Amino acid sequence: MSFFSRLFSQKQEEPAAPVAKKVSHGVVGTNYRQKEIQAMGRINQDYALDKRALLKRWPKGVTVYEYTFSPKKAELVPEPENPHDPKAIKVLVDGVHVGYIKAGSCAHIHKLLRDGRILKIEPKIVGGKYKELYSLDAGARQLDDFDLDKGSSPFGVRLEITELPAPEKGQA
């Protein structure tokens, strides 16, 4: 085929590659594992800052937790021997049991595991004592324009699971 015929010939389109999708899943049972989850964190030095120092660092406001978490790896482990639910899927984050996939999602997750369709699992941990610097005025700039709220919430875990699509029928 000559250069010009290759240049002007119509290219055959290749089938589009399957698109992976990210699905967020909450982890249940974390209330029973608060000490274990807290032990995975490290003290956030910014939590000790006062209102003025927080505003200097984050001029538009921020929520600062007492602990920060940088989980690296999450694993999903089916538990067919679980006395409460033989379809249970245990969630391990960096080797620590933090909870379970909620019951309504287990069948789907079992199918993903069986079919090898989980591309990636990204764990995120939040919660604990916090300070929230905020203003209801979008143009707030001064220290007096901001309020500092303190509170606490239980530690929680969310997983972002990147799923590969199911093969089309007739393919495997």
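All of the points below concern the structure found in this document. This is a predicted model, so every value here is computed, not measured. (Residues numbered from 1 in each chain as written. Predicted model: local features only at pLDDT ≥ 70, side-chain atom pairs only at ≥ 80, totals over all residues. Heavy atoms only, no water.)

## Some words on the environment of histidine 97
Okay, step 1: Residue position: histidine 97 is located in strand β7 (residues 96-101).
Okay, step 2: With 61 residues separating them in the primary sequence, histidine 97 and glutamate 36 have C-alpha atoms 8.0 Å apart.
Okay, step 3: Among all residues touching histidine 97, those that are not within four sequence positions of it are Arg33, Lys90, Val91 and Leu92.
Okay, step 4: Within the local environment of histidine 97, its side chain forms a polar contact with the side chain of arginine 33, the two groups lying 3.4 Å apart.
Okay, step 5: Within the structure, the side chain of histidine 97 is placed 3.3 Å from the backbone oxygen of glycine 99, a separation counted as a polar contact. (Helix = DSSP H or I, 4+ residues; strand = E, 2+ residues; numbered from the N terminus. Contact = heavy atoms within 4.5 Å. Polar contact = N/O pair within 3.5 Å; in protein donor to acceptor, adjacent residues only side chain to side chain.)

## Description of the side chain of asparagine 44
Okay, step 1: Inspection of the secondary structure assignment puts asparagine 44 in the loop between β2 (42-43) and α3 (51-57).
Okay, step 2: If sequence neighbours within four positions are ignored, asparagine 44 has contacts with Val64, Tyr65, Glu66, Tyr67 and Thr68.

## Observations concerning the side chain of glutamate 79
Okay, step 1: Along the chain, the position of glutamate 79 falls in the loop between β5 (74-78) and β6 (89-93).
Okay, step 2: Exposure remark for glutamate 79: the relative accessible area of 18% places this residue in the buried category.
Okay, step 3: A distance of 2.8 Å separates polar atoms of two side chains, one belonging to glutamate 79 and the other to asparagine 82.
Okay, step 4: Here tyrosine 100 takes part through its side chain, which lies 2.9 Å from a polar atom of the side chain of glutamate 79.
Okay, step 5: Setting aside anything within four residues of it in sequence, one finds glutamate 79 in contact with Asp85, Pro86, Ala88, Lys90 and Tyr100. (Buried < 20%, exposed > 50% of the residue type's maximum accessible area, 1.4 Å probe, protein only.)

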